[in-house]
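Architecture and fold: a report
So the chains spell out like this:
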Amino acid sequence: QQAGPHRAVLLASGVDDGPTGAVDAPHGGRARDLVADHQQRSTGGARVGGHELEALRAEVALAGGGLTVVAVDGRSGCGKTHFAGLLRSHAAAALDVRVEEVGLVAVEDLYAGWSGLPAAPALLDWCILRPLRAGAARVTWPQWDWAAGRYGSSGTLERPRSGLLLVEGVGA
């Protein structure tokens, strides 16, 4: 059973190139003007502002029961994981749901080390986004074990009850 439309938003940042805006999603979703400043600052680190949370709440509402996907992408070490954690907490509060009801996937768990990076978008789409768009209540995928240099355990994700899925990591 497929719910309302599915929407996607991309947040990207380099080490020092500041905030960027949302872009149209390649798989048909359309993002509005969501801008988040997650440039690392020596005085305060990553931050999520009220304007951004209002825009995110509007995106989820526009999806009408579908799934809104927000990708946090950027260079290695620029603070994506930290920012995604902050965004998840703030988004949960803005949507009046528990943090666990906002989905979070680390895309770096999907691909086979740095040499597997080019496959990241296809793996994300095939293992997670397609099944969720088709109405799956739960998705699983083989999880890359960076220390062992091979696939090991499986990652799992319950369909986010909030209607919001955050995807973070290099290649998101």
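Presented here is a report on the structure given in the accompanying data block. (Residues numbered from 1 in each chain as written. Predicted model: local features only at pLDDT ≥ 70, side-chain atom pairs only at ≥ 80, totals over all residues. Heavy atoms only, no water.)

**Let's talk about the overall build of the protein**
Quick reminder of the rule: Only DSSP runs of H or I covering at least 4 residues are called helices, and only runs of E covering at least 2 are called strands; the numbering of each starts at the N terminus. Throughout, exposure labels follow a simple rule: accessible area from a 1.4 Å probe, protein chains only, divided by the maximum for the residue type, with under 20% read as buried, over 50% as exposed, and the rest as partly exposed. Using a 1.4 Å probe, the Shrake-Rupley method yields the accessible areas, and only the shown protein chains count as cover for residues.
In terms of regular secondary structure, the protein is built from three helices and six strands. For the protein, the succession of helices and strands along the chain, N to C, is β-α-β-α-β-α-β-β-β. Scored against the burial criterion, the 172 residues of the protein give a buried share of 44%. A total of about 8400 Å² of accessible surface is found on the protein, and carbon and sulfur atoms cover 52% of it.

**Points about the packing of aromatic side chains**
We apply this condition: Each Phe, Tyr or Trp ring, with Trp reduced to its six-membered ring, pairs with another whose centre is within 6.5 Å; inter-plane angles below 30 degrees give stacked pairs, above 60 give edge-to-face pairs, and intermediate values give tilted ones.
A complete count under the given rule lists four aromatic pairs for this structure. On the numbers, 6.4 Å between centres and 45 degrees between planes, the contact of Tyr111 with Trp114 is tilted. Judged by relative accessible area, Trp114 falls into the partly exposed class, the value being 49%. Ring plane angle 80 degrees and centroid distance 6.1 Å describe the contact between Tyr111 and Trp146, whose orientation is recorded as edge-to-face. In this pair, Tyr111 is assigned in the loop between strand 3 (103-106) and helix 3 (120-133) and Trp146 in the loop between strand 4 (138-145) and strand 5 (150-158), connecting sequence segments 35 residues apart. By relative accessible area, Trp146 is classed as partly exposed at 36%. Joined through ring pairs, the aromatic side chains of Tyr111, Trp114 and Trp146 make up one cluster.

**A short note on the environment of Glu168**
The condition is simple: Should any heavy atoms of two residues lie within 4.5 Å, those residues are considered in contact. Here a polar contact is taken to be a pair of N or O atoms separated by no more than 3.5 Å, where protein atoms must pair a possible hydrogen donor with a possible acceptor and residues adjacent in sequence count only if both atoms sit in side chains.
Structurally, the position occupied by Glu168 is in strand 6 (residues 164-168). Between the C-alpha atoms of Glu168 and His82, which are 86 residues apart in sequence, the distance is 9.7 Å. Residues contacting Glu168, with those up to four places away along its chain left out, are Val72, Lys80, Thr81, Ala84, Leu104, Val105, Ala106, Val107 and Glu108. A polar contact of 3.0 Å, which involves the side chain of Glu168, links it to the side chain of Thr81.

**Quick word on helix 3**
For the record, the criterion: The span expected for a helix works out to 1.5 Å for each residue beyond the first. The bend at a residue is defined as the angle formed between two axes, one fitted to the seven residues ending at that residue and one fitted to the seven starting there.
If you check helix 3, its first and last C-alpha atoms are 18 Å apart, about what 14 residues at 1.5 Å a residue would give, namely 20 Å. Residue Trp126 marks the point of greatest curvature in helix 3, where the axis turns by about 40 degrees. Those residues of helix 3 lying buried are Ala120, Leu124, Asp125, Cys127, Ile128, Leu129 and Leu132. The secondary structure elements touched by the buried residues of helix 3 are strand 2 (68-74), strand 3, strand 4, strand 5 and strand 6. Positive backbone phi, at 100 degrees, marks Gly135, one or two positions downstream of helix 3.

**Let's talk about unusual backbone geometry**
The phi dihedral of Asp96 falls on the positive side, at around 60 degrees, and the residue is not glycine. As for its placement among the helices and strands, Asp96 is situated in the loop between helix 2 (80-95) and strand 3.

**Quick word on the pattern of salt bridges**
The test is simple: Salt bridge, as used here, is a side-chain nitrogen of Lys or Arg placed within 4 Å of a carboxyl oxygen of Asp or Glu.
Under the counting rule described, the total for this entry stands at five salt bridges. Of the charged contacts in the structure, one is a salt bridge between Arg130 and Asp125, with a shortest N-O distance of 2.8 Å. The class for Arg130 is partly exposed, based on a relative accessible area of 43%. According to the relative accessible area criterion, Asp125 is buried, its value standing at 18%.

**Observations regarding the nonpolar core**
Here is the rule: The definition of a nonpolar core used throughout is a set of buried Ala, Val, Leu, Ile, Met, Phe, Trp, Tyr and Cys residues joined through side-chain atoms within 4.5 Å.
Ranked by size, the top nonpolar core spans 18 residues in total, and within it Val107, Leu124, Ile128, Leu132, Trp141, Leu157 and Leu165 carry the most contacts. If you list the elements that add at least two residues to this core, you get helix 3, strand 4 and strand 6. The element best represented in this core is helix 3, accounting for six residues. Formed by 14 residues, the second largest nonpolar core is a distinct cluster that contains Leu53, Phe83, Leu87 and Val102.

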